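# Descriptive structure summary
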Amino acid sequence: MKLIDPIIEFHHELQSIRREIHANPELCFEERETADLVAKKLTEWGIPILRGMGVTGVVGIIKNGTSDRAIGLRADMDALPMQEINTFAHASRNDGKMHACGHDGHTAMLLGAAHYLSQNKNFDGTVYVIFQPAEEGGGGAKRMMDDGLFTQCPMEAVFGMHNWPGIPVGEFGVTVGPMMASSNEFEVIVKGKGSHAAQPHKSVDPIMVAVQIAQSWQTIITRNNSPIDAAVLSITQIHAGSATNVIPDNASLIGTVRTFDLKVLDLIESRMRAIAEHTAEAFDAKVEFRFHRNYPPLINHAKETAFAVEVLQSIVGVEKVNAQVEPTMGAEDFAYMLQGKPGCYVFIGNGEGDHRSAGHGLGPCNLHNPSYDFNDDLLPIGATYWVRLAEQFLKPQ
Ligand SMILES: [Zn+2]
Ligand SMILES: [Zn+2]
């Protein structure tokens, strides 16, 4: 592995930054102390910053030379609303909040790159280091864009990275095209007419209608959607009634839809609505249909992905970069940035959990697990990737 020596020498500092962030997790749009820490470090290193985009977002601006070319590198800063069960010294000090997705490590890796780039300006142009809030459901990427990220910081391309358990340390995974899914939520309320359960003929039973809708919706995946296009329609909650002898007025169906393609999503949403409305009509019931689109699918651009793969291969070797990693039905709001600018998002291997120190809880080392911990061995690897990506992208002509 060809890591950058001064970054390796800076590992101890990066590890203590990472652990400080881990110990002080903050949720969506509340990343005040984390943002302060990021801003303080960037300022200490002489990097001009912009603050306030997306409420708590921070952007560092590292310029060199005369070129007006620019690249964006993005990390996320937020934690999850869950209780950490680790007992090591840097475990969460904030009850019910935890860095279980490794965003503490993302922030530290990008700070490591910013530190090096501010001292070793082997590039011609501008590197924007973007620290965004609220990846975990809050759409912080979108909020930063709405607040002018790409107009105040005009960049040609933007790149993202996520630590990924199960991929060995020192290896990367990436793929061109869809890599993560769109995430969407629905809530459908079937409005019938309640009655005594012994007099069902006086009711419009919403439970029977809800059950018909639930069954019929599965035919959207098997009969309407092309078998080539991946899609998930999961009903995760059905609620109705409160007594054994009462037919309730209403029943609700709640769940999620995941797709890699917005056309597939359009099809599924419109078929869900049609089936719900027409089934209700057939039974003299009514429906309230709510479908909320969260994050769009994350789609890596071809040219920038080929470029990222080349840079990764130059650091860890050809055989350590899986350029056709299997996409996941998980979602990620970096997808918005890739709608606004060309770019690429990669997985950096977090290993199988061997890094877990004493005091680390039991359980698999999975993202969003209460015993998760970012692997500090990744800090110089990820920071080196960011630096080489920027240097190659802004190579002096
Ligand atoms: Zn997460
Ligand atoms: Zn995450």
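Below is a summary of the structure that appears in this document.

Rules and cut-offs
- Residues numbered from 1 in each chain as written.
- Chains lettered and ligands numbered in written order.
- Predicted model: local features only at pLDDT ≥ 70, side-chain atom pairs only at ≥ 80, totals over all residues.
- Heavy atoms only, no water.
- Salt bridge = Lys/Arg side-chain N within 4 Å of Asp/Glu carboxyl O.
- Helix = DSSP H or I, 4+ residues; strand = E, 2+ residues; numbered from the N terminus.
- Buried < 20%, exposed > 50% of the residue type's maximum accessible area, 1.4 Å probe, protein only.
- Phe/Tyr/Trp six-rings, centres within 6.5 Å; stacked < 30°, edge-to-face > 60°.
- Lys NZ or Arg CZ within 6 Å of the ring centre and 35° of its normal.
- Patch = residues over 30% accessible without salt bridge, like charges linked within 9 Å, V, L, I, M, F, W, Y side chains within 5 Å.
- Areas by Shrake-Rupley, 256 points an atom, 1.4 Å probe, with all protein chains shown as cover.
- Pairing = 2+ DSSP bridges.
- Axes fitted to C-alpha atoms, helices over the stretch in contact; angles between N-to-C directions.
- Contact = heavy atoms within 4.5 Å.
- Parallel < 35°, antiparallel > 145°, perpendicular 65-115°, else oblique.
- Left-handed = near helix turned anticlockwise from the far one by under 90°.
- Nonpolar A, V, L, I, M, F, W, Y, C, P; charged D, E, K, R; others polar.
- Donors = N, O, S within 2.8 Å, 3.2 Å for Na, K, Ca; no water.

What follows concerns the pattern of salt bridges. Taken as a whole, this structure holds 19 salt bridges when the rule is applied. In this structure, the salt-bridge partner of Arg-18 is Asp-376, at a minimum N-O distance of 2.8 Å. Residue Arg-18 is found in helix 2 (residues 11-23), and its partner Asp-376 is found in the loop between strand 16 (343-351) and helix 11 (378-393); the two are separated by 358 residues along the sequence. The same class applies to Arg-18 as to Asp-376, namely buried. Measuring nitrogen to oxygen at the nearest pair gives 3.7 Å for the salt bridge that ties Arg-74 to Asp-76.

All told, the structure shown has 12 aromatic pairs when counted by the stated rule. Through a chain of ring-to-ring contacts, the aromatic side chains of Trp-164, Phe-334, Tyr-345 and Phe-347 assemble into a single cluster. Here Lys-341 stacks its cationic end above the ring of Phe-150, 5.6 Å away from the centre of that ring.

What follows is about a nonpolar patch on the surface. Judged by side-chain polarity, Ile-207, Met-208 and Val-211 come together as a nonpolar surface patch covering roughly 230 Å² of accessible area. Looking at where Ile-207 falls in the secondary structure, it is placed in helix 7 (residues 206-224).

What the 4 strands build is an open sheet, ordered 10-12-8-13; its pairing is antiparallel. Whereas interior strands pair on both sides, the edge strands pair on one side only; in this sheet they are strand 10 (231-240) and strand 13 (286-293). Averaged over all adjacent pairs, the angle separating strand axes in this sheet is 15 degrees, with direction ignored. Two strands pair when backbone bridges link them, and strand 8 (residues 182-191) and strand 12 (residues 250-259) are joined in this way by 10 bridges, in the antiparallel orientation. When the bridges of strand 12 are listed, Glu-185 appears paired with Thr-256. The sheet strands contacting helix 7 are strand 8, strand 10, strand 12 and strand 13, and the helix crosses strand 10 at an angle near 175 degrees. In the packing of helix 8 (residues 262-282) onto the sheet, contacts are made with strand 8, strand 10, strand 12 and strand 13, and the angle to strand 13 comes to roughly 165 degrees.

This part is about the packing of helix 3 (residues 32-44) against helix 4 (residues 103-119). Running from N to C, helix 3 and helix 4 point in directions that differ by 10 degrees, and their axes come no closer than 10 Å. Viewed along their axes, helix 3 and helix 4 adopt a mutual orientation that is roughly parallel. The way helix 3 lies across helix 4 gives a crossing that is right-handed. In this structure, helix 3 uses Val-38, Lys-41 and Leu-42 to contact helix 4, whose residues at the interface are Thr-107, Leu-111 and Ala-114. Split into classes, the residues belonging to the contact of helix 3 with helix 4 amount to 4 nonpolar, 1 polar and 1 charged.

Around the zinc ion (ligand 1), the protein contributes the donor atoms Cys-101 (SG), Glu-136 (OE) and His-368 (NE2), which lie 2.0 to 2.2 Å from the metal centre. All donor residues of the zinc ion (ligand 1) come from one chain, and their arrangement in sequence is C-x34-E-x231-H. For the pair the zinc ion (ligand 1) and the zinc ion (ligand 2), the metal-to-metal distance amounts to 3.1 Å, and Cys-101 bridges them. Highlighted residues: Glu-136 in the loop between strand 4 (125-132) and helix 5 (140-146) and His-368 in the loop between strand 16 and helix 11, separated in sequence by 232 residues. Glu-136 gets classed as buried once you look at its relative accessible area, which sits at 19%.

Ideal donor angles around a metal are set by the shape: a four-donor tetrahedron calls for 109.5 degrees, a six-donor octahedron for 90 or 180 degrees. Here the zinc ion (ligand 2) is held by the protein donor atoms Cys-101 (SG), His-103 (NE2) and His-162 (NE2), which lie 2.1 to 2.3 Å from it. Along the chain, the residues donating to the zinc ion (ligand 2) fall in the pattern C-x1-H-x58-H.

Of note, Val-55 is a non-glycine position whose phi angle comes to about 65 degrees, a positive value. With respect to the secondary-structure elements, Val-55 resides in the loop between strand 1 (49-51) and strand 2 (58-64). Residue Val-55 is classed as partly exposed on the basis of its relative accessible area, which comes to 40%. Even without being a glycine, Asp-284 presents a positive backbone phi close to 65 degrees. Residue position: Asp-284 is located in the loop between helix 8 and strand 13. The class of Asp-284 is exposed, set by a relative accessible area of 67%.

Okay, the sheet that holds strand 5 (residues 157-165) next. With mixed pairing, the 8 strands of this open sheet are ordered in space as 1-2-4-3-5-16-6-15. In the strand order of this sheet, the two ends are held by strand 1 and strand 15 (321-322), each with one partner. Together, strand 1, strand 2 and strand 4 form the strand contacts of helix 3, whose direction differs from that of strand 1 by roughly 160 degrees. This element, helix 9 (residues 302-316), spans strand 5, strand 6 (172-173), strand 15 and strand 16 of the sheet and lies at about 35 degrees to strand 16.

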